[in-house]
Amino acid sequence: RDPLAHADLRRAVLFLGHKFNDRLRFNSELELEHGFVEGGKGEVAMEQAYIEYGLTDKINLRAGLLLVPLGILNETHEPPTYYGAERNQVESLIIPSTWRELGVALQGEAAPGLEFNAGISTGLDAGKFTKPGKGLREARSAGGEAAANDLALFGALNYRGVPGLLLGTGLFTGNTGQNGASNAALKGVSARLTLWDVHARYASGNLDLQALYARGRLGDADRVSVAAGEVAPKSLYGWYAQAAYHLWKQDSMVLTPFVRYERYNTQKKVAAGFAADPLNNETVTTMGFDLKLHPQVVFKADYQKFQTDSMKNRFNAGVGYM
């Protein structure tokens, strides 16, 4: 195990919005990571910044820096909304949360309880791929001078028509070669990525259950690997199942133990002639509790056990609010 302990102001996010009239709104989130920015450490970044126009009472047009509607966590990532001091591995590595792109989208309600979100946006940039163990995270541009030679399409459906139930799926697809914008060796290379997920959540009484499966496929993985000098995945996948139980309640306070089991591989398949790192095929068990002093203020503690790479085993504790 890593003998070093760390304390960190992981992130602080400020929301700014404005309502121009009954149909036209502006929403944004400004994030500061690690408490400060100095000497290449820390980060100030926009997580969202978009105009939303209500075409009808149930359909909105959005344009700007948008959260990609994949999985459960990416669009709803405030600390009181998920269990554990750390975000789950699958929705951090396979779905690279927090994931945002510049684009245009239609969002709204297609039928009672059925929500949709679909649009066109900037895509990932395979020229930025450098760390196979980080999954797709390094290929994000987050709206900062993002390469736009190759655009992407995304879409999601989420059903919430039954109290306590969420059933959903999402898809993101687009070329990532970007005509060599970040790596000249990828000029003319498509490197198409298709990433999808299915997810479910059911909360009834004191019980809260959640599960997700995500899988991605990258074309031209051999050429991306040569260009990057690292082994890019031809495919990657991950899934998790989670159970939580509200054990104790008093006024607005709630104590909730939880357990989460995850399996993922950021190099499920690689191109012929390349070898995957076995450490990227991982199983993680997380056990801990959330103590909410208020629905928007939470103390968290958990222990994470990594089956393949035990050096990652760790105890986490934190406080979150929104």
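What you are looking at is a predicted structure, and each value in this text was computed from that prediction instead of being measured.

A.B. asks: So what about the pairing of strand β1 (residues 11-19)? Which residues, and what values?
C.D. replies: Across nine bridges, β1 lies against strand β2 (residues 24-38) in antiparallel orientation. Bridging from a neighbouring strand, Arg 11 pairs with Glu 33 of β2.

A.B. asks: Could you give me a rundown of unusual backbone geometry, with the residues and numbers involved?
C.D. replies: Cis geometry is found at the peptide bond from Ser 97 to Thr 98, where omega equals -5°. Among the structural elements, Thr 98 can be located in the loop between α1 (90-93) and β5 (100-111). A positive phi is found at Gln 178, a non-glycine position, where the angle reads about 55°. Following the sequence through the fold, Gln 178 ends up in the loop between β8 (165-175) and β9 (192-204). Of the residues examined, Gln 178 reaches a relative accessible area of 0% and is grouped as buried. The phi dihedral of Asp 251 falls on the positive side, at around 55°, and the residue is not glycine. Judged by its relative accessible area of 77%, Asp 251 falls in the exposed class.

A.B. asks: Any details on the layout of surface pockets? Residues and values, ideally.
C.D. replies: Space inside the second largest pocket adds up to approximately 680 Å³. Contributing to the lining of the second largest pocket are 35 residues, with Gly 71, Ile 72, Glu 75, Thr 76 and Arg 160 lying nearest its centre. Contributing elements (two or more residues each) for the lining of the second largest pocket: β3 (41-54), β4 (59-67), β5, β6 (114-122), β7 (151-159), β8, β9 and β11 (235-245). Broken down by class, the residue content of the lining of the second largest pocket amounts to 15 nonpolar, 12 polar and eight charged.

A.B. asks: Run through the nonpolar core, naming residues and quoting values.
C.D. replies: Most often, soluble globular proteins have nonpolar side chains that are buried together. Within the largest apolar cluster, 36 residues are counted, with the highest numbers of intra-cluster contacts made by Leu 70, Ile 94, Trp 99, Phe 172, Leu 212, Val 224 and Tyr 264. Looking at this core, the elements that each hand over two or more residues are α1, β7, β8, β9, β10 (207-218), α2 (221-228) and β11. Per element, the largest residue contribution to this core is three residues, and it comes from β10. When sequence neighbours within four positions are dropped, the list of residues in contact with Tyr 264 reads Gln 89, Val 90, Leu 93, Ile 94, Tyr 237, Gly 238, Asn 280, Asn 281, Glu 282, Val 284 and Phe 306.

A.B. asks: Give a detailed account of empty space enclosed by the protein, specifying residues and quantitative values.
C.D. replies: Scanning all chains against the criterion turns up one cavity of 30 Å³ or more. Estimated volume of the largest cavity: approximately 90 Å³. Lining the largest cavity, in full, are Leu 124, Ala 126, Phe 129, Gly 135, Leu 136, Ala 139, Thr 176, Leu 193, Leu 218, Val 224 and Pro 233. Of the residues in the lining of the largest cavity, the class split is nine nonpolar, two polar and no charged.

A.B. asks: Provide a residue-level description of a nonpolar patch on the surface, including the pertinent values.
C.D. replies: A contiguous nonpolar surface patch, about 650 Å² in accessible area, is contributed by Tyr 53, Leu 55, Leu 61, Val 104, Leu 106, Ile 120, Leu 151 and Leu 153. Sorting the residues of the nonpolar patch by element identifies β5 and β7 as the ones contributing at least two each. The residue Ile 120 is located in strand β6 in this model. Given a relative accessible area of 39%, Ile 120 falls into the partly exposed group.

Calculation criteria
Residues numbered from 1 in each chain as written. Predicted model: local features only at pLDDT ≥ 70, side-chain atom pairs only at ≥ 80, totals over all residues. Heavy atoms only, no water. Pairing = 2+ DSSP bridges. Helix = DSSP H or I, 4+ residues; strand = E, 2+ residues; numbered from the N terminus. Buried < 20%, exposed > 50% of the residue type's maximum accessible area, 1.4 Å probe, protein only. 1 Å grid on protein atoms, 1.4 Å probe; cavity = no way out; pocket = protein on both sides within 12 Å on 5 of 7 lines; lining within 4 Å. Points joined across faces, edges and corners; volume = space filled by probe spheres on them. Nonpolar A, V, L, I, M, F, W, Y, C, P; charged D, E, K, R; others polar. Core = buried A, V, L, I, M, F, W, Y, C linked by side-chain atoms within 4.5 Å. Contact = heavy atoms within 4.5 Å. Patch = residues over 30% accessible without salt bridge, like charges linked within 9 Å, V, L, I, M, F, W, Y side chains within 5 Å. Areas by Shrake-Rupley, 256 points an atom, 1.4 Å probe, with all protein chains shown as cover. Salt bridge = Lys/Arg side-chain N within 4 Å of Asp/Glu carboxyl O.

Read these as geometric descriptors, not functional statements.
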